[in-house]
Each structure stands twice: as structure tokens, then as C-alpha cells.
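Examining the three-dimensional arrangement
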Amino acid sequence: VFDFEKEESVLLVGEGNFTFSCSIVGRRRVEESVNFSSFVTTCFEEEENCIISSKVKQRLLSAGVKVLFGVDARKLSTHPVLGDKLFNKIVFNFPHVGGKMKIHLNRQLVQDFFVSSSEILDSGGEIMVTLCAGQGGTPDDKIKRSWADSWQIVEMAARAGLILAKTRPFPHDLLSTYTSVGYRGQAKSFNTQNAIVHIFRVFHPYLYGDRKNHVYSLEANNWFVLQDEIQSGVDVNIDQLLASILDISWRQLCTSQPLRNLKRKSTSKIVKHFVDSKRVTAEGGKGGDGCVSFLQLWANENAGPDGGDGGHGGHVILQASTNERDLNNVQTILRANHGDKGRNKDCHGANADHLVVKASVPVGTVIRDNHGRTVGDLCEDGSMFILARGGAGGRGNHFFATDLMQSPKIAEYGATGEHISYILEVKSMAHFGLLGLPNAGKSTLLQAISRARPKVAPYPFTTLKPFLGVINYSDFEQIAVADLPGLIEGSHLNYGLGIQFLKHAERCSCLLMVLDTSNDPCYDLEILRTELKAFSIDLANKKQIIIANKMDLEESKVNLPILKKFTKDDNIIPISAKFGLNITSFLVHIRKVYDSLLNKQPDDNNDKEKSVTINFVWLRCLEYRSVSMLT
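Residues numbered from 1 in each chain as written. Predicted model: local features only at pLDDT ≥ 70, side-chain atom pairs only at ≥ 80, totals over all residues. Heavy atoms only, no water.

As a further point, take the sheet that holds strand S7 (residues 196–202). The strand order across the open sheet formed by seven strands is S3-S2-S1-S4-S5-S7-S6, and the pairing between neighbours is mixed. What marks the edges here is a single partner per strand, and that holds for strand S3 (66–69) and strand S6 (162–169). Taking each pair of neighbouring strands and ignoring which way they run, the sheet shows an average axis angle of 20 degrees. Note that strand S2 (residues 39–43) and S3 share four bridges and pair parallel. Pairing of Thr42 across the sheet is with Leu68, part of S3. Sitting on the sheet, helix H3 (residues 103–118) touches strand S1 (10–13), strand S4 (87–93), strand S5 (121–131), S6 and S7, and the angle it makes with S5 is about 160 degrees. (Pairing = 2+ DSSP bridges. Helix = DSSP H or I, 4+ residues; strand = E, 2+ residues; numbered from the N terminus. Axes fitted to C-alpha atoms, helices over the stretch in contact; angles between N-to-C directions. Contact = heavy atoms within 4.5 Å.)

Once that is clear, we can look at the pattern of salt bridges. Applying the stated rule across the entire model yields 15 salt bridges. As a salt-bridge pair, Lys57 and Glu47 come within 2.3 Å of each other at their nearest N and O atoms. Highlighted residues: Lys57 in helix H2 (residues 54–62) and Glu47 in the loop between S2 and H2, separated in sequence by 10 residues. For Lys57, a relative accessible area of 24% translates into the label partly exposed. Exposure remark for Glu47: the relative accessible area of 41% places this residue in the partly exposed category. Here Asp595 and Arg591 are joined by a salt bridge, their closest N and O atoms 3.0 Å apart. Placement of the pair is Asp595 and Arg591 together in helix H12 (residues 583–598), with a separation of four residues, close to one helical turn. A residue is classified by how much of its surface remains accessible, and Asp595, at 28% relative accessible area, is partly exposed. The buried category is assigned to Arg591, whose relative accessible area is 5%. Beyond isolated ion pairs, a larger network of salt bridges with shared partners links Glu8, Lys89, Glu126 and Arg201. (Salt bridge = Lys/Arg side-chain N within 4 Å of Asp/Glu carboxyl O. Buried < 20%, exposed > 50% of the residue type's maximum accessible area, 1.4 Å probe, protein only.)

Let us now look at helix H7 (residues 442–449). Working note: α-helix, 3.6 residues per turn, so residues spaced by three or four point in the same direction. Restricting attention to buried positions, one finds in H7 the residues Lys442, Ser443, Leu445, Leu446 and Ile449. What you see down the axis of H7 is that its buried residues fit within an arc of 160 degrees, all on one side. (Arc of directions from axis to C-beta.)

Turning next to the pairing of S2. The buried fraction of S2 is high, at five of five residues. Alternating positions in S2 separate into two faces, Phe39, Thr41 and Cys43 on one and Val40 and Thr42 on the other, with burial throughout. Direction of pairing for S1 relative to S2: parallel, over a ladder of three bridges. Bridge pairing links Leu11 to Val40 in S2.

On to the sheet that holds strand S14 (residues 365–368). The strand order across the open sheet built from five strands is S12-S10-S17-S14-S15, with neighbouring strands paired in mixed fashion. In this open sheet, the two strands that pair with only one neighbour each are strand S12 (333–335) and strand S15 (374–378). Strand after strand, the sheet turns through a mean of 25 degrees between neighbouring axes, direction not considered.

What follows concerns unusual backbone geometry. Of note in the backbone geometry, Gln152 takes a positive phi value of approximately 50 degrees without being a glycine. Looking at the secondary structure, you find Gln152 in the loop between S5 and helix H4 (153–158). Classification of Gln152 as buried rests on a relative accessible area of 7%. Even without glycine at this site, Asn439 takes up a positive phi of about 65 degrees. Its location among the elements puts Asn439 in the loop between strand S18 (430–435) and H7.

A few words on helix H11 (residues 554–567). Over its 14 residues, H11 runs 21 Å from end to end, which matches the ideal 20 Å to within 8%, given 1.5 Å per residue. At Leu560, H11 shows its maximal bend, which comes to roughly 30 degrees, and the proline Pro561 appears one to four places after that position. Buried within H11 are the following residues: Ser556, Asn559, Leu560, Leu563 and Thr567. Turning to H11, the residues buried within the fold contact strand S21 (508–516), helix H9 (521–535), strand S22 (543–549) and strand S23 (573–574). (Expected span 1.5 Å × (residues − 1). Bend = angle between axes of the 7 residues up to and from the residue.)

What follows covers the packing of aromatic side chains. Taken as a whole and judged by the stated rule, the model has seven aromatic pairs. With centroids separated by 4.9 Å and ring planes inclined at 65 degrees, the aromatic side chains of Phe114 and Phe200 adopt a geometry described as edge-to-face. Of this pair, Phe114 sits in helix H3 while Phe200 sits in strand S7, and the two are 86 residues apart along the sequence. Given a relative accessible area of 0%, Phe114 falls into the buried group. Classification of Phe200 as buried rests on a relative accessible area of 1%. (Phe/Tyr/Trp six-rings, centres within 6.5 Å; stacked < 30°, edge-to-face > 60°.)

Moving on: the state of the cysteines. The tally for this structure, following the rule as stated, stands at zero disulfides. The thiol of Cys291 is not disulfide-bonded; the next cysteine sulfur, from Cys347, is found 9.1 Å away. (Disulfide = S-S within 2.5 Å.)

Structure below.
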């Protein structure tokens, strides 16, 4: 498989100790006299960190092989030496990012390599990637893995416009001097037994003349051929031909598909709802008291005051983390530790450790005072805000000693820490919010598309607090959907806790208007839009998607055309959450909406509000009289 022709230019990527390159060179030079000036071998590490022996390096250089160090396989096309060349063969043996349970990172590494290497691949060239047994996820692997546990190398190559041409077993028996050193020279080497070399080629579109062309389409997940007259010189759609060759469905190739939840839902009776707002009280630690003490030495009973200062009390600090989604784990009362008191012999009390709440505050938390003013915005991972400052430690009597009062009998009490209440709000609760009247089927829909377990019952206001569900897609993207409590007419006047429910909707990027199509969907939609507009113009202007639920009923089939005529919107998605009708199309549609929302730039108003918040926090820190307590 590695018998290269004389005139071929070859690039060997990711060599660890260059023994593979040495084996190729030694084997060819024994058979015939070959000039290896068109061979380039590279290593990810710099030369001083590489484990290549001087003997191997000298052997490669004497054969005419060009040796490069510090070459990233993901950035071949931008390399100053390799970017201007074209290669007939590009070889990458046993790519790996290191560590265990990092399949998604290995897939990304292979995909980036394919994209970069395809740009420096000559016409008709081949890219060879060697993987251990079972890693590739192809039928030729002797060790079988599930598709989700493999590197999915065929799909990664398809994203770079490459197709798998053939596979060959890795000829480790013929490479006498090759020794696998594993990831960056670690003790454990790669298992080359049953390894497979995957050979990929660039797929070029076929040009058809004046004759009928086969165009592939998808109908009920089955491929069939439609006969269509295509003008001369028109290229066949590459994605469709790739899908037919790789046996990947058209929908999976064009867009990311929602994944079916194979894991069973929990049977626990404890169900956690989403907490997007919570009132907390922060109490800074009290400073330690100063000490009144006088030093007594041998032959000198009046050696002077030696009372130490008290330690500073701890702050209460919030730190945002991407590992949390809501405020469910934030305690309502946050108390920092007190500083230690001072002692004799000028021993100062220890400063209390700050209470840093960093494991339960999600990114996007907005902090408001009791008057509703925004005083902090934790908009980035790791950003902090001081809720309550600790009191300063009291000074001991040694501090008050002067020329006139050499034996002071006074000391300071430690200052009391701040005691302040705040309201924490999660600025963005979910990407999509299910909004509708009671018993419209919102909770049933969330159960159908995620592993969430909101309560479902045939009476109004079953859901009183929002529940969050996550939709997983095949490209590892996750979309959060919130089941919001039902709205009624007059909700903007706080009928049925309407204001609280509408505030939940403000924290969603897009609203899914779930309608019970079996009743009067036009009237229900008018109520929802009226309540949103009466509560907030910004809320009414949010992106809305109309979901016509309960399409399994006969009344819904009659009311659906009326609803389309009423809204004059062809973007209505008819579904049946109870029976799962048209759920896949619904999930594909919201993914497209999600991608379009990600591409939008943030508003200037948000930037101004963020700037004001930062200035407020900075001024708040400047007010503090002791710089040492900010450490």
C-alpha cells in the first residue's frame, strides 16, 4: 500500500520518531535507486522536543528527504513551506489528540486534517489515514464498534469533499524498522495489529452531455431516480452523488439530524424544575477584633504593647460557570467566614477565605438590587461579582502607641461585613420556549422531543414552573427548549400569575406558539399575541413559530386550513405530540431557526448596558477602603 512511484511527491504527516519514514526509504533503496527529493516528512513537535535519533535523521537527509518540525496537521495549507506545493500522496498514521474518552476531539482533528490536506492534494492524488482496529467505523474493521463510538472517518472525509476509495491492512510486518511510540512518545504505543489504511480521493462532479441525467431525490427515506432533461454542461449536485456513494441519506448530509434518545428516562419521583430567578442574601464576614496586650520580658515587665490586628472578613463572590444552566443549586443565604482575632506578641489574625460561589451560577446571570437596578452581569465564563464585602479587621493596641501614650489600653472591634439582598436572574433561559394556553400540549411535546419529565395531566395549570429539555443533534449541537406555564386572557394584568410566567418567556430567544388545533386555534393565537404585546413590545417582536398540535383529531384537520388563512403564514408546523406525528420535521425546522439566530450580531443596546454594568462594578470596587481585601 505504501509502494510509491518514482515521480510521485509524498507528504508524511505526524511522524513521531520518523521510523516509518525511515522504513519507507530503506525498503525502496534496497529495491532500486530512488531519489527521495520529492518526499517530505513532518513532525508536530519542535526539533528540540522531538524524539528522533541522530542516526535516523541523518539517514533521511542523506536520502534527500526533507524533514520539517513543528507542522500542525490541521494547518497544512497555511504552512509557509507546504502551502505552495501539491502532493500526490499524503499519509497520516494513527492520528490522536491524546487522552481517553475524547472521540469528538479525534473526529475534529481528522476532519480538520482532511480539509487542510485536500487543498494541497494534486489532481488524482490520494490521502491515506491509518487507524487502529475498530476506530474508523467502516465494515472492513475486524473489531466492530457502534457508529457513535467510532471516529466516523468516512463522514469526516465527506465534509471535506473526499470519498473512501478503498481500504488496505496496515503492513506492519513489511516495515521492519518501524516502531510505534504512541501519543507524543509515551510508554504505551499504538496497537498496529489489524490496523487499517483508509485511502481517500477527491470527488469531482461528472459532466453530462445532451442526454437524460439521473437526479437523486428522497421520498420516505428511500432513494429513487427521477428522469429529467438537463442542459449540456450542467454539473450534477455533488452532495447528492456523495450521499448515494457513501449510502448516507440526503437529509443527514444536508443538515444535522436530531438524535433519538436511546437512554431510558429516569423513574425517580424527584423532578427538578428550571429556576431562572432567585432572591439571595449575602453576608460578608466580620473582621476579627484587635488585641489589647503588653509584652513582659525577663528583667523588663513593661516592654510595651504587643496586641496584634484582627483578620479581615471574607467577601461573598459570585463566579459564572458554563457547567450550570439554572439557579437551582444557589443557596438563598450566603455567609462568608469571619476573620480571626488578634493575639499577643504582635500576632495578627488570619484573613478569612472568600466565599466564591462558582459551581452553581450559570453564565448569563443578571444581578439586581432591591430597587430592580442592574448592578452586575456575569456574561462570560469565570466572570465575578462581589455581592457583599467582608469587614476590615480591628487594630490592636500596638497600632495606637505614640510618644505621648506609650501604653494604650484600647483596640478596635472588627468591622461588620455587608448584609445585602439581591435578585439573581438568568438572562437566557433557553433557546426556545413553549408558549400556549393551558392544556395545549406543551408538556407532552417536551416529553416527546427530550428526556425531560414534566407533569402531564388533563387539567389546566399542570405546569407551574418551567421545565427544561435538551435536544441533541448529530453534529453534537444541543438546543434547550423550555416548557413554560400556560397563559390565560389577562395574564399581563397578573391573572393566574401571568406576569411571572411572561417573565419566563422573556428569557427565551424564540417562542414556539403551541396551539390546540382541535378547538379554535385562531382565537387562541390572538390571545397569546395580545398578551405578549400588552406586556412588552420586545417580547412581542421575538421570533415566533406556530405549532399546530393535536393533528391526530378530526377537528384539527378542519381547523388547520382556517388557521393558515388567518395567519397568512405558510410556516405553520402541524404535529401530534401525543403520537409523534411530524416531530422530525419540527426538530429539523427549529434547528434551521437556531442556526439563523446564532448568525445574528448582538444589539448595540446590549453593549451599552454591559458597559454601564462594568463601570458600576468598577466604581463599587474603588469604594472599598482596603486594597488588601480584594486579593
